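# Summary of structural features
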Amino acid sequence: MELEALVETHGEPRYRAQQIAEWVFRKGAGSVEEFTNLPVRFRECLTRETVIGRLELVETTVSGRSDTAKHLWRLFDGQTVETVLMRHGYGRTVCVSTQVGCRMGCRFCASGLGGWVRHLRVGEIYDQVLAVQRVSGQTVTHIVLMGMGEPLDNYENVLKFVENVSAAYGLRISQRRITLSTCGLVPRIRDLARAGYSLTLAVSLHAPNNELRNDLVPVNRKHPLEELIPACAEYAALTGRRVSFEYALLGGLNDSPESAVELADLLTGLLCHVNLIPANPVPEYDYSAPTPTAVRAFRRVLEQRGIPVSLRREMGADIGAACGQLRRRYRPRGRKE
Ligand code: SAH
């Protein structure tokens, strides 16, 4: 661990690394002065040599039903990211962003509209969880890597985040309560299957055939369904974890009963689950939400064919916090919000 090397160069015992990790990752200390179980002289050295960054809250927007809050943070370079906190009967889920912008170009998602700027650093992903806890006063129980960005495009940092947040020195959030969602970067899915984590993998499928998926999720042109589905099967086989397929229902595009039949055929025999998401509005695109009748019919087809299916409860659509609505908002430092 890098912290151990740091304490050793100061001639301090190794257990100091554990103490520092707890201050930073579990207690969310904002400065070295707060590390009260460390000798004053060592703290002075650390203050000189290290920077403890904190996300700066720009604004919080709360949904009409008050079950969802969206936070906009400013990063050290003036870029901004959004994080969503959702309250459920079973706990509190935080939806974190992994990149500033996104370069996957999905045809219905707001996150790609402002282009891609950069990966988030490990600390910037981690701080979203700490900062949400700090400003809300709530303890986070579940994490979904479903905010802005493609987590598997920022693979190393995302996995370090997962390690830290689930560690004994961190927030101790079980990896089983962390869901990583990807649009289908097949080589990374295969890496992840072998990496020894117990994350829930969610795959943004959205179409039952290559023709439609090439259009909706352009990464499909590079990694088509005949590569993606076996990679998911392998993930399930190697981890024993059920893969969750997200399917955003876009009115008149992919929500017909025929598409449902095709989807059921594609997934039959796989250890999986389908999560239907009625499309959330993004003004720049011209698709519509599916009708309630189309959603019911689609769901019934999957159920009849034995595919486990659930309907994602819409949360935060009124504040632009629902799936696919997070976007890049750049606001120069110092300007009034
Ligand atoms: N890049 C990752 C993480 C984003 S998660 C991924 O693609 O999985 C956000 C989820 O919301 C994805 O399944 C995404 O495809 C879906 N989504 C994007 N835009 C949406 C919209 N307008 N309505 C409903 N779901 C949308």
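## Quick notes on the domain arrangement of the protein chain
Partitioning the protein chain into structural domains gives domain 1 (1–52) and domain 2 (92–315). On a C-alpha basis, the centres of domain 1 and domain 2 stand 36 Å from each other. Contacts between domain 1 and domain 2 engage eight residues on the former and nine residues on the latter. Interface area for domain 1 against domain 2, summed over the two sides, is near 700 Å², with a carbon-plus-sulfur share of 59%. If you sort the residues of domain 1 by the area they bury against domain 2, Phe25, Arg26 and Gly28 come out on top, with a joint share of 72%. Remark: the boundary between domain 1 and domain 2 carries zero salt bridges. Per-class residue counts for the side of domain 1 that touches domain 2 are four nonpolar, two polar and two charged.

## Thoughts on the sheet that holds strand β12 (residues 309–311)
With mixed pairing, ten strands are arranged side by side in an open sheet as β1-β2-β3-β4-β7-β8-β9-β10-β11-β12. This sheet does not close on itself; its edge strands, each paired only once, are β1 (56–62) and β12. Pairs of neighbouring strands in the sheet enclose a mean axial angle of 20°, with direction left out of account. Bridging between strand β7 (residues 142–145) and strand β8 (residues 178–182) involves three bridges; their strand directions are parallel. From the neighbouring strand, leucine 145 faces β8, where its bridge partner is leucine 180. In the packing of helix α4 (residues 122–136) onto the sheet, contacts are made with β1, β2 (68–74), β3 (80–88), β4 (91–95) and β7, and the angle to β2 comes to roughly 120°.

## Section: the packing of α4 against helix α5 (residues 155–166)
Look at α4 against α5: their axes get within 8 Å of each other, and the N-to-C directions meet at 45°. On the basis of their axis angle, the class for α4 and α5 is oblique. Seen along the crossing, α4 lies across α5 with a hand that is right-handed. Packed against α4, whose contacting residues are Val122, Ile125, Tyr126 and Val129, the element α5 presents Asn157, Val158, Lys160, Phe161, Asn164 and Val165 at the interface.

## Comments concerning the site of the ligand
Residues in close proximity to the ligand total 21 residues, the closest being Ser181, Ser204, His206, Asn280 and Tyr287. Within the contact set of the ligand, an oxygen atom lies 2.6 Å away from a side-chain nitrogen or oxygen of serine 204. Take glutamate 246: an N or O atom from its side chain is 3.2 Å from an oxygen atom of the ligand. Broken down by class, the residue content of the shell around the ligand amounts to eleven nonpolar, eight polar and two charged.

## Examining the nonpolar core
Within the largest apolar cluster, 105 residues are counted, with the highest numbers of intra-cluster contacts made by Ile143, Phe161, Leu192, Phe245, Leu267 and Val274. Structurally, this core is a two-domain feature, drawing no fewer than three residues from each of domain 1 (1–52) and domain 2 (92–315). Setting aside residues no more than four positions away along its own chain, leucine 192 makes contact with Leu152, Tyr155, Leu159, Leu180, Tyr197, Leu199, Leu201 and Tyr235.

## Quick look at the pattern of salt bridges
Under the defined criterion, the tally for this structure stands at 20 salt bridges. For arginine 107, the salt bridge is made with aspartate 215, and the minimal N-O distance between the two is 3.8 Å. Of this pair, arginine 107 sits in the loop between β5 (99–101) and β6 (116–119) while aspartate 215 sits in helix α7 (residues 210–216), and the two are 108 residues apart along the sequence. The exposure class of arginine 107 is partly exposed, given its relative accessible area of 39%. Salt bridges sharing partners connect three or more residues here, namely Glu59, Lys70, Glu82 and Arg329.

## Thoughts on helix α3 (residues 40–49)
Taken together, the buried positions of α3 are Phe42, Arg43 and Leu46. Buried residues along α3 cover an arc of 100° about the axis, so they all sit on one side. In this structure, α3 carries Arg41 and Arg48 as exposed residues pointing more than 90 degrees from its buried face. Lining the buried residues of α3 we find α1 (2–9) and α2 (15–26).

What counts and what doesn't
- Residues numbered from 1 in each chain as written.
- Predicted model: local features only at pLDDT ≥ 70, side-chain atom pairs only at ≥ 80, totals over all residues.
- Heavy atoms only, no water.
- Domains from an automatic or database assignment.
- Contact = heavy atoms within 4.5 Å.
- Buried area = accessible area lost by both parts, 1.4 Å probe.
- Salt bridge = Lys/Arg side-chain N within 4 Å of Asp/Glu carboxyl O.
- Nonpolar A, V, L, I, M, F, W, Y, C, P; charged D, E, K, R; others polar.
- Pairing = 2+ DSSP bridges.
- Helix = DSSP H or I, 4+ residues; strand = E, 2+ residues; numbered from the N terminus.
- Axes fitted to C-alpha atoms, helices over the stretch in contact; angles between N-to-C directions.
- Parallel < 35°, antiparallel > 145°, perpendicular 65-115°, else oblique.
- Left-handed = near helix turned anticlockwise from the far one by under 90°.
- Near = heavy atom within 4 Å.
- Polar contact = N/O pair within 3.5 Å; in protein donor to acceptor, adjacent residues only side chain to side chain.
- Core = buried A, V, L, I, M, F, W, Y, C linked by side-chain atoms within 4.5 Å.
- Buried < 20%, exposed > 50% of the residue type's maximum accessible area, 1.4 Å probe, protein only.
- Arc of directions from axis to C-beta.

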